[in-house]
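One letter stands for each residue in the lines below.
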Amino acid sequence: MQNIGVIGCGLMGAGIAEVSARSGHDVIVVESSDAAAAAGRSRLEKSLARAESKGKIESAAAVLEKIRVVTSLEELVDRDIVIEAIIEDEDAKVALFRELDRIVASPDAILASNTSSIPIMKLGVVTTRPQNVMGIHFFNPVPVLKLVELVPSLLTAPEVTERARVFVEGSLGKVAVDCQDRAGFIVNSLLIPFVLSAIRMFESGFASAEDIDRGLVLGAAHPQGPLALADLIGLDTTKAVAESLYEEFKEPLYAAPPLLNRMVDAGLLGRKTGRGFYTY
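Note that the coordinates shown come from a computational prediction; the quantities given were computed from them, not determined experimentally. (Residues numbered from 1 in each chain as written. Predicted model: local features only at pLDDT ≥ 70, side-chain atom pairs only at ≥ 80, totals over all residues. Heavy atoms only, no water.)

Visitor: What is the right way to look at unusual backbone geometry in this model?
Guide: If a residue is not glycine, its phi is most likely negative; likewise, a peptide bond is most likely trans. The omega angle of the peptide bond from Asn 140 to Pro 141 is 0°, so this bond is cis rather than trans. Along the polypeptide, Pro 141 turns up in the loop between strand 6 (133-138) and strand 7 (147-152). Positioned with a positive phi, Ala 221 is a non-glycine residue whose angle comes to about 60°. Under the relative-accessibility criterion, Ala 221 is labelled exposed at 67%. (Helix = DSSP H or I, 4+ residues; strand = E, 2+ residues; numbered from the N terminus. Buried < 20%, exposed > 50% of the residue type's maximum accessible area, 1.4 Å probe, protein only.)

Visitor: I keep staring at the nonpolar core and nothing clicks. Help me out?
Guide: Across soluble globular proteins, you tend to see nonpolar side chains buried next to one another. Core analysis: the largest hydrophobic core is formed by 37 residues, its most contacted members being Val 27, Ile 136, Phe 138 and Leu 150. Take this core: its biggest share by element is six residues, from helix 1 (residues 11-22). Residues in contact with Phe 138, not counting those within four places in the same chain, are Met 12, Ile 16, Ile 83, Asn 114, Leu 147, Val 148 and Leu 172. Core analysis: the next-biggest nonpolar cluster, separate from the first, contains 22 residues, Ile 192, Val 195, Ala 242 and Leu 245 among them. (Core = buried A, V, L, I, M, F, W, Y, C linked by side-chain atoms within 4.5 Å. Contact = heavy atoms within 4.5 Å.)

Visitor: Even after reading the chapter, I still don't get a nonpolar patch on the surface, so can you show me in this structure?
Guide: Taken together, the side chains of Val 125, Leu 154 and Leu 155 define a hydrophobic patch exposed on the protein surface, amounting to about 330 Å² of accessible area. Counting through the fold element by element, Leu 155 comes out in the loop between strand 7 and helix 6 (158-171). (Patch = residues over 30% accessible without salt bridge, like charges linked within 9 Å, V, L, I, M, F, W, Y side chains within 5 Å. Areas by Shrake-Rupley, 256 points an atom, 1.4 Å probe, with all protein chains shown as cover. Salt bridge = Lys/Arg side-chain N within 4 Å of Asp/Glu carboxyl O.)

Visitor: For this particular structure, what's the right way to read the side chain of Ser 189?
Guide: Among the secondary structure elements, Ser 189 is positioned in helix 7 (residues 187-203). Looking at Ser 189, the relative accessible area reads 17%, which means it is buried. Among the polar contacts made by the side chain of Ser 189, one reaches the main-chain carbonyl oxygen of Ala 183 at a distance of 3.2 Å. Beyond its immediate sequence surroundings of up to four residues, Ser 189 is in contact with Ala 183, Gly 184, Leu 245 and Tyr 254. (Polar contact = N/O pair within 3.5 Å; in protein donor to acceptor, adjacent residues only side chain to side chain.)

Visitor: Can you walk me through the environment of Leu 232 in this structure?
Guide: Secondary-structure assignment places Leu 232 in helix 9 (residues 226-233). Given a relative accessible area of 28%, Leu 232 falls into the partly exposed group. Each C-alpha atom of the pair Leu 232 and Ala 242 lies 16 Å from the other, and the pair is ten residues apart in sequence. With sequence-adjacent residues up to four places away left out, Leu 232 is seen in contact with Asn 140, Gln 224 and Arg 271.

Visitor: What is the right way to look at the packing of helix 8 (residues 209-220) against helix 9 in this model?
Guide: Two measures define how a pair of helices packs: the angle their axes make with one another and the distance between the axes. Orientation of helix 8 relative to helix 9, taken along the N-to-C sense of each, is 100°, at an axis distance of 7 Å. The angle between helix 8 and helix 9 falls in the class roughly perpendicular. Between helix 8 and helix 9, the contacting residues are Ala 209, Ile 212, Asp 213 and Leu 216 on the first element and Pro 226, Leu 227 and Ala 228 on the second. Residues of the contact of helix 8 with helix 9, tallied by class, amount to six nonpolar, no polar and one charged. (Axes fitted to C-alpha atoms, helices over the stretch in contact; angles between N-to-C directions. Parallel < 35°, antiparallel > 145°, perpendicular 65-115°, else oblique. Nonpolar A, V, L, I, M, F, W, Y, C, P; charged D, E, K, R; others polar.)

Visitor: Even after reading the chapter, I still don't get the side chain of Asn 132, so can you show me in this structure?
Guide: Its location among the elements puts Asn 132 in the loop between helix 5 (120-124) and strand 6. Asn 132 gets classed as buried once you look at its relative accessible area, which sits at 5%. Within the structure, Asn 132 has its side chain in polar contact with the backbone oxygen of Ala 109 (distance 3.2 Å).

Visitor: Got a minute to help me understand the packing of aromatic side chains in this structure?
Guide: Between two aromatic rings, the relevant description is the distance of the centres plus the angle of the planes. Here the structure, examined in full by the defined rule, presents two aromatic pairs. Where Phe 202 meets Phe 277, the ring centres are 5.7 Å apart and the plane angle is 85°; that geometry is what we call edge-to-face. You can see Phe 202 sitting in helix 7 and its partner Phe 277 sitting in the segment after helix 11 (258-265), a full 75 residues away along the chain. Judged by relative accessible area, which is 29%, Phe 202 ranks as partly exposed. By relative accessible area, Phe 277 is classed as buried at 10%. Relative to Tyr 254, the ring of Phe 249 lies with its centre 5.6 Å away and its plane at 35°, an arrangement referred to as tilted. On the accessibility criterion, Phe 249 (32% relative accessible area) is partly exposed. In this structure Tyr 254 comes out as buried when scored by relative accessible area, which is 11%. (Phe/Tyr/Trp six-rings, centres within 6.5 Å; stacked < 30°, edge-to-face > 60°.)

Visitor: Please clarify how the environment of Gly 274 should be interpreted in this entry.
Guide: Mapped onto the elements, Gly 274 comes out in the segment after helix 11. If sequence neighbours within four positions are ignored, Gly 274 has contacts with Thr 279 and Tyr 280.

Visitor: So what exactly am I meant to see when it comes to the environment of Ser 32 here?
Guide: Mapped onto the secondary structure, Ser 32 falls in the loop between strand 2 (26-30) and helix 2 (34-53). Judged by its relative accessible area of 66%, Ser 32 falls in the exposed class. It is 8.6 Å that separates the C-alpha atoms of Ser 32 and Val 70, two residues lying 38 residues apart in sequence.

As structure tokens, then:
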């Protein structure tokens, strides 16, 4: 698979595009508008400049030459694999996969989602080729973190999963783990209840945000505390994943705490807005 398509050039989409281009692939990234495309291009330029300054790549310019940021999905017609990394919204993703099914020409092309929680089956069944649809879930920051979750649905062909594994491990140099098609997959099914528990602890006045995070960093050797992690993930994304998990399993531990709902309503989404549980 040489021709890679990525939809969305936010933190995740830009990261996926970057690691693909750094591995020698031809990459087209689709954004929703000229302004978003320009912002995505700038994000890629800054990330690659940092990588070059740290000696991780020889030339940022050479990698950028392999990436085109466009605004039309029709540009993806010749792609061998397309990975969507748009907002964590089921209706938006379903509509997108209907369009990809119409646009992407090759009957062997893999249509993949970077969703962190939405069941893959819901995306596959709206296409005429559910056997080619699967989850390929990267972790933020994509150029740094090695893990990728491979998530076939009940209808995904085994050979498609294996082609995705070769791409992820053999080409991108990541480490793949196999997951069943359940909301949250492996990591978020474990991580999100932990983060929600920390939010409930803070909401109840049990401890300050700083002390909760300090306790997990210094007492459990976590690289960062759960509230700082929620700010990094984005509180809107944390809430969306929690809602998908609760919808699937109906377990109270997956229910979003009221404080999380209010913070999202207020636009206090964490690092990307400059304020969440901390101010940035």
